[in-house]
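Next come the chains, spelled out residue by residue.
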Amino acid sequence: MKEGVIIKGIGGFYDVLASDNQVYRCRPRGIFRKLGITPMVGDRVRITPQSSEHEGALEEILPRKNTLIRPPVANIDNLAVVVAAEQPSPDFYMVDKLIITAERMGISVILLINKIDLAKTDVLKKMKSQYSGSGYPIFCVSGKFGQGIEELSKAMKGITTLAGQSGVGKSTIINRLNPGKKLETGKISAKIKRGRHTTRHVELLILPHGGMVVDTPGFSQLELKDVDPIELQNSYPEFDRYRHECYFNGCLHVSEPNCRVKQAVEEGNVSKERYDRYIHIMEEIKENRRNLW
Ligand SMILES: Nc1nc2c(ncn2[C@@H]2O[C@H](COP(=O)(O)OP(=O)(O)OP(=O)(O)O)[C@@H](O)[C@H]2O)c(=O)[nH]1
Ligand SMILES: [Mg+2]
Ligand SMILES: [Zn+2]
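Procedures and definitions
- Residues numbered from 1 in each chain as written.
- Chains lettered and ligands numbered in written order.
- Predicted model: local features only at pLDDT ≥ 70, side-chain atom pairs only at ≥ 80, totals over all residues.
- Heavy atoms only, no water.
- Core = buried A, V, L, I, M, F, W, Y, C linked by side-chain atoms within 4.5 Å.
- Buried < 20%, exposed > 50% of the residue type's maximum accessible area, 1.4 Å probe, protein only.
- Helix = DSSP H or I, 4+ residues; strand = E, 2+ residues; numbered from the N terminus.
- Domains from an automatic or database assignment.
- Contact = heavy atoms within 4.5 Å.
- Pairing = 2+ DSSP bridges.
- Axes fitted to C-alpha atoms, helices over the stretch in contact; angles between N-to-C directions.
- Expected span 1.5 Å × (residues − 1).
- Arc of directions from axis to C-beta.
- Polar contact = N/O pair within 3.5 Å; in protein donor to acceptor, adjacent residues only side chain to side chain.

Caption draft 1: Broad picture of the nonpolar core. One finds Leu58, Val73, Val95, Leu111, Met127 and Leu204 to be the most contacted residues of the largest nonpolar core, which totals 41 residues. Here this core gets 5 residues from one element, more than from any other, and that element is helix α2 (residues 92-104). Both domain 1 (2-64) and domain 2 (68-214) contribute no fewer than three residues apiece to this core. Here methionine 127 is in contact with Val83, Phe92, Leu111, Ile113, Ser132 and Ile138, once residues within four sequence places are set aside. Judged by nonpolar contacts, the second largest core, of 20 residues, contains Tyr236, Val270, Met282 and Ile285.

Right under this line is the structure:
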């Protein structure tokens with residue numbers, strides 16, 4: 001038996017990249033259908049290679065660390081949150097919400113500033129002042145011209161997906177990371193509009209340094225429906241040093257007295273912008289919950 005990762009599903013078969021660096025086209029054992037288990041791209045699996053060198057049987061799916069629904073991929077290691085140095089201007093609420101979603105799924109966050117060929121350091125300065133406290137790595141790249149791509153590619157260990165506003169350059173970056181494969185970029189053509197109704201095809205692309213990237217970027221679970229207000233702070237690593245020193249045990253760091261997190265904001269040790277958006281997102285979560293009951 002060999003271990004491997006499902007990189008693609010095609011009509012009931014699964015392409016598995018095995019530890020010997022070979023791809024085996026595998027048919028799942030009947031037991032999976034009996035149990036109602038559908039293998040997913042990203043699944044770590046055990047296979048038995050069969051007579052023909054590149055075929056095999058899918059024997060076992062190892063426990064999943066996490067699962068995304070759109071795109072349907074399991075075991076995501078990193079979420080690269082992409083903003084543009086220029087056009088479109090960054091939507092930091094979206095950035096924070098993507099971070100919260102990633103944190104809750106045990107996915108590491110990478111912050112990615114694209115289009116650095118276009119602009120000076122404005123967005124970088126903002127990102128640094130707002131996110132350095134969280135400890136997330138920040139990469140500056142140009143998907144169009146290639147700056148910083150090599151370094152980014154080395155940092156993408158395991159499975160990475162990209163997310164961010166339309167037009168920030170996600171597809172351009174992926175093409176640059178994996179020059180062997182071209183994805184659709186730029187204007188939405190009539191062809192793509194028609195393509196919307198065809199089956200979404202998900203595939204893990206193998207990067208030169210061994211990492212893998214999902215070729216259908218998308219990370220759309222942004223409603224934060226099931227976040228408990230008390231849990232929201234767990235997605236803010238920059239609060240960690242302070243929150244255990246708040247006067248109240250269940251402090252949400254909103255308007256409670258003697259809140260150490262608020263004090264850290266006032267002292268400039270936690271980004272005011274990040275904190276203000278935290279309050280806003282907290283309101284949103286509470287509002288959503290009220291509508292649920
Ligand atoms: N100058 C410059 N333009 C870029 C860069 N990266 C992407 N672009 C341009 O930005 C536009 C959008 O790029 P895409 O890669 O399609 O953006 P996307 O994030 O995939 O957008 P959606 O698929 O709509 O979510 C295209 O016109 C690209 O040529 C870059 O590094 N520098
Ligand atoms: Mg795209
Ligand atoms: Zn507090």
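From this point, things continue past the structure.
Caption draft 2: Focus on the sheet that holds strand β9 (residues 108-114). If you trace the 6 strands from one edge of the open sheet to the other, you get β10-β9-β8-β11-β13-β12, paired in mixed fashion. Of all strands in the sheet, those with a lone pairing partner are β10 (138-140) and β12 (204-206), marking the two edges. The average undirected angle you get between the axes of adjacent strands in this sheet is 30°. Taken together, the 4 bridges between strand β8 (residues 78-84) and strand β11 (residues 159-163) define a ladder with parallel strand orientation. When the bridges of β11 are listed, leucine 79 appears paired with threonine 161. Those strands touched by helix α3 (residues 122-131) are β8, β9 and β10, and its axis lies near 160° from that of β9.

Caption draft 3: Layout of helix α10 (residues 272-292). Over its 21 residues, α10 extends 30 Å from the first C-alpha to the last, a length consistent with the 30 Å expected when each residue adds 1.5 Å. Buried residues of α10: Arg274, Tyr275, Arg277, Tyr278, Ile281, Met282 and Ile285, and no others. The buried residues of α10 all sit within an arc of 160° when viewed along its axis, so they share a single face. In α10, the exposed positions that point more than 90 degrees away from the buried face belong to Arg290 and Asn291. Check the buried side of α10 and you find it contacts α2, α3, α7 (229-232) and α9 (260-266). N-cap assignment for α10: the residue whose side-chain oxygen lies 3.3 Å from the backbone N of glutamate 273 is serine 271.

Caption draft 4: Spatial organisation of the pairing of strand β5 (residues 55-61). Of the pairings in the sheet, the one linking strand β3 (residues 23-28) to β5 comprises 4 bridges and is parallel in character. Of the residues in β5, the one forming a bridge with arginine 25 is glutamate 55. Bridging between strand β4 (residues 44-49) and β5 involves 5 bridges; their strand directions are antiparallel. When the bridges of β5 are listed, arginine 46 appears paired with glutamate 60. Remark: 5 residues form the turn of the hairpin made by β4 and β5, two consecutive strands paired antiparallel.

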